[in-house]
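Observations on the model geometry
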Amino acid sequence: MTRIVITAPFDPRIAAELPGEVVTASEAETGQSLGARAAADPVFAAALAEADVVIAELDRIDDDALAAAPRLSLVVACRANPANVDLAACAARGVEVRTTPGRNADVTADFTLALLLATVRHVPAASAWLRAGNWSGDDVFEPYARFRGIGLSGRQLGVVGGGAVGRRVVRRAQGFGMRIAVYDPFLTPGALGDDVQHLELDDLLATSDIVTLHVPLTPETTGLIAARELALLRPDAYLVNAGRAALVDRDALLAVLREGRIAGAGFDVFHDEPLSPDDELLRLPNVTLTPHIAGASDDVVVEHSRLAAAAVVSVFPPPPSSSSASPHPDEVREATAPDAESRTQAASHREASTPDPHEREHHVTATATADVVVLDIEGTTSAAGFILGDLYDYARPRLDEVLGRDGDTVRAARADAIAETGLDADASDAEIAEALRGLMAKDVKSTPLKTLQGIIWAEGFAAGEIHSQFFDDVPPRLHAWSEEGIRLAVYSSGSVASQVPWFRHAPQGDLTPLVEDFFDTVKAGPKKESASFDKIAAALGVAPDRALFLTDHPDEVSAALAAGWQVVALDRAGEPWAGADFAAPAVASFDEIEVTR
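Report on the accompanying structure. (Residues numbered from 1 in each chain as written. Predicted model: local features only at pLDDT ≥ 70, side-chain atom pairs only at ≥ 80, totals over all residues. Heavy atoms only, no water.)

With respect to unusual backbone geometry
The omega angle of the peptide bond from Glu 273 to Pro 274 is -5°, so this bond is cis rather than trans. Here Pro 274 shows up in the loop between strand E11 (264-267) and strand E12 (287-289). For His 122, which is not glycine, the phi dihedral falls at a positive 55°. Mapping His 122 onto the fold places it in the loop between helix H6 (105-120) and helix H7 (123-131). Phi is positive for His 292, which is not a glycine, with a value near 55°. Relative to the assigned elements, His 292 resides in the loop between E12 and helix H13 (298-315). (Helix = DSSP H or I, 4+ residues; strand = E, 2+ residues; numbered from the N terminus.)

Pasting the structure below:
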């Protein structure tokens, strides 16, 4: 029986329905290593030694913890970013890592609107003024003039980041009658509805009454809002940040607030936490402050419990005859596979595709000297079964709705789909969707289908409803190559719109900062034609013999070789092209590839 050790706060009803034996142990507030806890507690050590799954929020999963849990095959970090997990150590031992993205998205969106309202209506200042006994009969209308604020209806809210929190803020703000503008380079126009305007960052800052920040903190977004961007805000505008403090340059922000160059700001996050008593922010009258409590809600525990349960069920599905199930089976099926049989098949595929950590060899069998490594996805970085199962299942029921949208991209894809499937020009959305589902069943590499799937998947990733998957050997090698100065790019038949969120929402963390460019069959051409590789080399500014392509498809190997590229084939057990005849060196994992410049 599967042994599941839970140290994170967890909903007991959901824990009772997990498919296995559950052992709970309260999490150390200090976030110490599970290995240290095991060393100090024989009872906990015995539970950890038999654990197949660990679910943790603060406890560190490091080398010591992994050594204490030799059976461990799955770690679920109850957070969007698995900062408590040593991903490289897990990858080296073949331990899969899952996260709970979007666990606090709803309550954070709620709080963002609360902070926004408190800021523009001066609620904290008015409350403090009243409690101090300042309201007197001498001027009963004094607070009416002193704390006059703005209404929301008809005002423009600029949302920076249209992910899980951002899109929820959009929906809530629309309920107040606000006009919405969004900046998110990963979203296609219309992704959040026809009433949402998509703007470049500068335009959004210059035209919005209130700006709120909801992008992940990456090297690219650190200091996203600096002196130049703050200068674009109107004097009557407000800035709200319940996301990450480092998105905003602190010195530039203090100068703007100190000089009254914007109307005010509301912050739940800070560059230094807790704030020191002499922090200037505490003395500024035009700032509303809260102590990093946007996610402080019992509902977050319930949500991350549900998401963690879905992750466990997707890897360790209950037997078909078992009555054990996730407490929200419809939601689990949407996020993973649609039924018990397909979940079992997906789990079997993962088992076949992921080598036993004690059996996997870590020796180099293929070498290359290259400036750029270009990656295929399906069967190379990620299991084909996951894409053809989980992602296809998510896209199928959503094709009709996307086809009905009004936008240049969708209209073009609709016309191309009609031409490709031989339907009449006046075919209905339902007829087109059904024809496209037929192409999906045959895994036909259809450009209009890939375009529509890309829209659907990008929105699903942003909402935290679907998650990507990478073989355990891939992320550590990508980090290592990038640190060694080797450029990385992606070339997949899936649209760029689906590739970017796939890498952005990796369980091991955001991988997009490592990738210089993304190419699909629209941008570069068919993958079985050498001319496509010529086009990619030219776009990357690299000589063909200094480029390395990694793929699992024999025909793609031949096309890249014909273009003068170096190629290493991935021959992974359980993948569609396993055991094929490759015209290039073949390896079973990225661990066996050595790339130097």
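Examining the packing of helix H20 (residues 447-462) against helix H22 (residues 496-504)
Helix packing for two helices is described by the angle between their axes and how far apart those axes are. At their nearest, the axes of H20 and H22 sit 7 Å apart, and the two run at 25° to each other. Classed by the angle they form, the pair H20 and H22 counts as roughly parallel. H22 is crossed by H20, and the crossing has left-handed handedness. Residues Gly 454, Trp 457, Ala 458 and Phe 461 of H20 form the contact with H22, whose own contacting residues are Ala 497, Ser 498, Pro 501 and Trp 502. (Axes fitted to C-alpha atoms, helices over the stretch in contact; angles between N-to-C directions. Parallel < 35°, antiparallel > 145°, perpendicular 65-115°, else oblique. Left-handed = near helix turned anticlockwise from the far one by under 90°. Contact = heavy atoms within 4.5 Å.)

A short note on the sheet that holds strand E19 (residues 586-587)
Taken in spatial order, the six strands of this open sheet run E16-E15-E14-E17-E18-E19, and their pairing is parallel. Here the strands that pair on one side only, and so sit at the sheet edges, are strand E16 (517-519) and E19. As defined by bridge partners, strand E18 (residues 566-570) adjoins E19 across two bridges and the pair is classed as parallel. Each residue of the ladder has a partner; that of Ala 569, found in E19, is Ala 586. The sheet contacts of H22 involve strand E14 (372-375), strand E15 (487-491) and E16, and relative to E16 the element is tilted by about 135°. (Pairing = 2+ DSSP bridges.)

Here we look at helix H24 (residues 554-562)
In an α-helix, one turn spans 3.6 residues; hence positions three or four apart end up facing the same way. Regarding H24, the residues found buried are Pro 554, Glu 556, Val 557, Ala 559 and Ala 560. On its buried face, H24 sits against helix H23 (530-540), strand E17 (547-551) and E18. Taken from the residues just after H24, Gly 564 is the one with a positive phi, measuring 85°. (Buried < 20%, exposed > 50% of the residue type's maximum accessible area, 1.4 Å probe, protein only.)

Digging into the packing of helix H18 (residues 408-421) against H20
At their nearest, the axes of H18 and H20 sit 8 Å apart, and the two run at 145° to each other. Crossing of H18 against H20: the hand is left-handed. Taking contact as the criterion, the partners of Thr 409, Val 410, Ala 413, Asp 416, Ala 417 and Glu 420 in H18 are, on H20, Thr 447, Pro 448, Thr 451, Leu 452 and Ile 455. Here the contact of H18 with H20 is composed, by residue class, of six nonpolar, three polar and two charged. (Nonpolar A, V, L, I, M, F, W, Y, C, P; charged D, E, K, R; others polar.)

Section: the packing of aromatic side chains
In the structure shown here, the tally under the stated rule is ten aromatic pairs. Relative to Phe 549, the ring of Phe 533 has its centre 5.0 Å away and its plane inclined at 65°; by these criteria the two rings are edge-to-face. With Phe 533 in helix H23 and Phe 549 in strand E17, the pair connects residues that are 16 residues apart, well separated along the chain. The pair formed by Phe 533 and Phe 549 is uniform in burial state, with each residue classed as buried. Considering the side-chain rings of Phe 533 and Trp 565, the 5.3 Å spacing of their centres and the 75° angle between planes classify their relative orientation as edge-to-face. (Phe/Tyr/Trp six-rings, centres within 6.5 Å; stacked < 30°, edge-to-face > 60°.)

Concerning the sheet that holds strand E1 (residues 3-6)
Strand order in the open sheet formed by five strands is E2-E1-E3-E4-E5, and the pairing between neighbours is parallel. In this open sheet, the two strands that pair with only one neighbour each are strand E2 (21-24) and strand E5 (96-99). The sheet shows a mean angle of 20° between the axes of neighbouring strands, direction not considered. By the bridge criterion, three bridges tie E1 to strand E3 (residues 53-56) in an arrangement that is parallel. Pairing of Ile 6 across the sheet is with Ile 55, part of E3. With respect to the sheet, H13 is in contact with E1, E3, strand E4 (74-77) and E5, its orientation differing from that of E4 by roughly 165°.

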